Amino acid sequence: MGQTIPVWLVVVFALVAANLPFLSGRFMAFYALSAPKSLGLRLLELVLWYFIAGAVALGLEHRGGQIAPQGWEFYAITGTLFVTFSFPGFVYRYLFKLR
């Protein structure tokens, strides 16, 4: 069970981080803005959260042992997975009609 808990921590952190741009009206969930966030700003924030989640994963991997070298395929797959994780927040923000 050596790497099981850090892997699940990264997955849960990535799931939360991917939805933060769409669920929070603040930039990076901390900085209050004077105007509502546009879709472009939300997508920029999504990319920033992707790199933060990657840094957390890299830190946990370094703590657990040697860091494995990654190619472009790894980043393509993790980027796609991160965008897939953001789908519930996107649906809530743009497709779900609140009454």
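Up top you'll find the structure we're talking about.
Residues numbered from 1 in each chain as written. Predicted model: local features only at pLDDT ≥ 70, side-chain atom pairs only at ≥ 80, totals over all residues. Heavy atoms only, no water.

1. Observations concerning the overall build of the protein chain
Defined as follows: Secondary structure elements are taken from DSSP: a helix is a run of H or I of four residues or more, a strand is a run of E of two residues or more, and numbering for both begins at the N terminus. Only protein chains enter the accessibility calculation, which uses a 1.4 Å probe; a residue whose area is less than 20% of its type maximum is buried, one above 50% is exposed, and one in between is partly exposed. Residue contacts are counted whenever heavy atoms from the two residues lie within 4.5 Å of one another. Note on areas: Shrake-Rupley with a 1.4 Å probe; residue coverage comes only from the protein chains shown.
Secondary structure summary: the protein chain contains four helices and zero strands in total. Along the longest, intermediate and shortest principal axes, the C-alpha atoms of the protein chain span 50 × 25 × 25 Å. Relative to its 99 residues, the protein chain shows a buried fraction of 20%. Looking at the protein chain alone, contacts between residues at least 24 apart form 63% of all its contacts between residues at least 6 apart. Of the roughly 7,200 Å² that the protein chain leaves accessible, carbon and sulfur atoms contribute 73%.

2. Focus: unusual backbone geometry
Even without being a glycine, Met28 presents a positive backbone phi close to 55 degrees. Here Met28 is to be found in the loop between helix H1 (4–23) and helix H2 (39–64). Overall, Met28 belongs to the buried group, its relative accessible area being 15%. A positive phi angle, close to 70 degrees, is found at Ala29, a residue other than glycine. Tracing the backbone through its elements, the reader meets Ala29 in the loop between H1 and H2.

3. Remarks on the packing of H1 against H2
Keep this limit in mind: The convention used is that axes are lines fitted to C-alpha atoms, helices contributing only their stretch in contact, and that angles between N-to-C directions extend from 0 to 180 degrees. Angular relationships are summarised with four words: roughly parallel below 35 degrees, roughly antiparallel beyond 145, roughly perpendicular across 65 to 115, and oblique for the angles in between. For any helix crossing, the convention is left-handed if the near helix is rotated counterclockwise from the far helix by under a right angle, and right-handed if that rotation is clockwise. Charged means Asp, Glu, Lys or Arg here, nonpolar means Ala, Val, Leu, Ile, Met, Phe, Trp, Tyr, Cys or Pro, and polar covers whatever is left, Gly included.
Between H1 and H2, the shortest axis-to-axis distance is 8 Å and the interhelical angle comes to 165 degrees. With respect to their mutual orientation, H1 and H2 come out roughly antiparallel. Between H1 and H2 the crossing geometry is right-handed. Where H1 abuts H2, its residues Pro6, Val10, Phe13, Ala14, Ala17, Ala18, Leu20, Pro21 and Phe22 lie against Leu39, Arg42, Glu45, Leu46, Trp49, Ile52, Ala53, Val56, Ala57 and Leu60. Residues belonging to the contact of H1 with H2 are distributed by class as follows: 17 nonpolar, no polar and two charged.

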